[in-house]
Amino acid sequence: MTFQHYSVLLNETIEQLDIKENGIYVDGTLGGGGHANAVLQRLGDGGRLIGIDQDAAAIQAAGERLAPFGDKVTVVRSNYSAMPQVLEDLGIHGVDGIVLDLGVSSYQLDTVERGFTYREDTVLDMRMDQRQTKTARDIVNDYTETELFHMIRDYGEDKFARNIAKHIVAAREKKPIETTGELNDIIRAAIPAKVRAKGGHPSKKTYQAIRIELNHELDVLKNTLGQMIDLLNDHGRICVITFHSLEDRIVKNIFNTSEKPCTCPPSFPVCVCGKKSKGKVISRKPILPSEEELTVNSRSKSAKLRVFERIKE
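Criteria and thresholds
Residues numbered from 1 in each chain as written. Predicted model: local features only at pLDDT ≥ 70, side-chain atom pairs only at ≥ 80, totals over all residues. Heavy atoms only, no water. Helix = DSSP H or I, 4+ residues; strand = E, 2+ residues; numbered from the N terminus. Buried < 20%, exposed > 50% of the residue type's maximum accessible area, 1.4 Å probe, protein only. Contact = heavy atoms within 4.5 Å. Lys, Arg positive; Asp, Glu negative; His and termini not counted. Charge placed at Lys NZ, Arg CZ, Asp CG, Glu CD. Pairing = 2+ DSSP bridges. Axes fitted to C-alpha atoms, helices over the stretch in contact; angles between N-to-C directions. Parallel < 35°, antiparallel > 145°, perpendicular 65-115°, else oblique. Left-handed = near helix turned anticlockwise from the far one by under 90°. Salt bridge = Lys/Arg side-chain N within 4 Å of Asp/Glu carboxyl O. Patch = residues over 30% accessible without salt bridge, like charges linked within 9 Å, V, L, I, M, F, W, Y side chains within 5 Å. Areas by Shrake-Rupley, 256 points an atom, 1.4 Å probe, with all protein chains shown as cover.

Colleague: Any chance you could explain the overall build of the chain here in plain terms?
Modeller: Per the secondary structure count, the chain includes 14 helices and 7 strands. Dimensions of the chain along its principal axes, counting C-alpha atoms only, are 60 × 60 × 40 Å. Looking at the chain residue by residue over its 313 residues, the buried ones come to 54%. Expressed as a percentage of contacts within the chain between residues at least 6 apart in sequence, the contacts between residues at least 24 apart total 70%. Charge separation in the chain, taken as the distance between the mean sites of 43 positive and 44 negative side-chain charges, equals 7 Å.

Colleague: Any chance you could explain the sheet that holds strand β7 (residues 304–310) here in plain terms?
Modeller: Think of a sheet as strands paired side by side through backbone hydrogen bonds, with each pair either parallel or antiparallel. Spatial ordering of the open sheet is given by β3-β2-β1-β4-β5-β7-β6, a layout of 7 strands whose pairing is mixed. Each edge of the sheet is formed by a strand with only one pairing partner; in this case those strands are β3 (73–77) and β6 (279–281). Neighbour to neighbour, the strand axes of the sheet diverge by 15° on average, direction disregarded. Both strand β1 (residues 24–27) and strand β4 (residues 95–101) contribute to a ladder of 3 bridges, which runs parallel. Looking across to β4, one finds that Asp27 is bridged to Val99. Contacting β4, β5 (232–242) and β7, helix α1 (residues 10–17) runs over the sheet at an angle of about 165° to β5.

Colleague: I'm lost on the packing of helix α12 (residues 217–230) against helix α13 (residues 245–259) in this one. Help?
Modeller: Packed helices, taken two at a time, are described by their axes: the angle between them and the distance between them. Viewed as axis vectors pointing N to C, α12 and α13 meet at an angle of 25°, and their least axial separation amounts to 10 Å. Taken as axis vectors, α12 and α13 run roughly parallel relative to one another. The element α12 and its partner α13 pack so that their crossing is right-handed. Counted together, Glu217, Leu218, Leu221, Lys222, Leu225, Gly226 and Ile229 of α12 and Leu246, Glu247, Ile250, Val251, Ile254, Phe255 and Ser258 of α13 form the full contact between these two elements.

Colleague: I'm lost on the pairing of β7 in this one. Help?
Modeller: Regular strands show a simple pattern: their side chains alternate between the two faces of the sheet. For β7, a buried count of 6 out of 7 residues is recorded, marking the element as mostly surrounded by other parts of the structure. Strand direction decides the pairing type here: β5 and β7, joined by 6 bridges, are antiparallel. What sits directly across from Arg237, in β7, is Glu309. One ladder, built from 3 bridges, connects β6 with β7; its direction is antiparallel. Each residue of the ladder has a partner; that of Lys280, found in β7, is Glu309.

Colleague: Help me understand the pattern of salt bridges in this model?
Modeller: Side-chain pairing between opposite charges can occur once the charged atoms of the two side chains come close. Inspection of the entire model under this criterion finds 15 salt bridges. Among the ionic pairs, Asp154 bridges to Arg153, the shortest N-O distance being 2.8 Å. Owing to a relative accessible area of 35%, Asp154 belongs among the partly exposed residues under this scheme. A relative accessible area of 37% places Arg153 in the partly exposed class.

Colleague: Would you explain the pairing of β4 in this entry?
Modeller: Among the 7 residues in β4, 7 count as buried, and that is most of the element. Relative to β5, β4 runs parallel, the two being bridged by 6 bridges. Its bridge partner lying in β5, Gly97 is registered against Arg237.

Colleague: Would you mind showing me how to read a nonpolar patch on the surface here?
Modeller: A cluster of nonpolar side chains, contributed by Phe268, Val270 and Val272, occupies part of the molecular surface with about 290 Å² of accessible area. Overall, the relative accessible area of 55% leaves Val270 in the exposed class.

What follows is the structure in structure tokens.
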């Protein structure tokens, strides 16, 4: 299958990046290279883009797509959490813009054997980076009932998390759970029929939870977003596209804290904690897809773009 990924909020992201002709930019979730391609088209001879992705299929597809830009682009297979080290290895000490699109690519969802989809019966995989040995199957079969409950409750925000965890443990006592079809049947049995009748696919939230847990998605975002802000040059911007409330909340909180880091009690007349602002939040409210984009790509309906600008004293 050809690697395909619709670049969500593409025009809005490019506009918010405020691209400098000879600037240096990083796409930390390269995917099919859509955002990167749009950035490169706006760069002059002195401009440069570094594309990072942990998915081998994305690296190959983006590398081919961006090849006409020659030395202006460098593609690296890694997780965006390694961005500081990647840039250091390239001799880069500051960048003018960073893009993160945290969505699962259409390729990953539609390539059945990758095991991300609950719409086909396939192996339980869900690895963003296939060099990783642990898979979704390991989580489903090895986690305790309590661990499964907390994972589905916290990362899937499913109110039936406890019952789903209980049903998974009961089912795997008879035989290991090997496929998405088997897991779907278990989840379906754990959710009341009247809820299934009017809700979306009953497995959606559990699959989200397993994918987040397996790929450490929230931990990586939480632990590295502040570091990425530090990589920005003066008036450089970072644009982050999220697809569910857990991600969006992390981005919003880190951006707000980076703008106003002071931890002094409100009663203090002056700041004594010594924490300095890193810049300003550009998007007080998240930027959402247009009606036109929603018509073209229904998967973009939950997307939110937030933007932060680095301002050095």
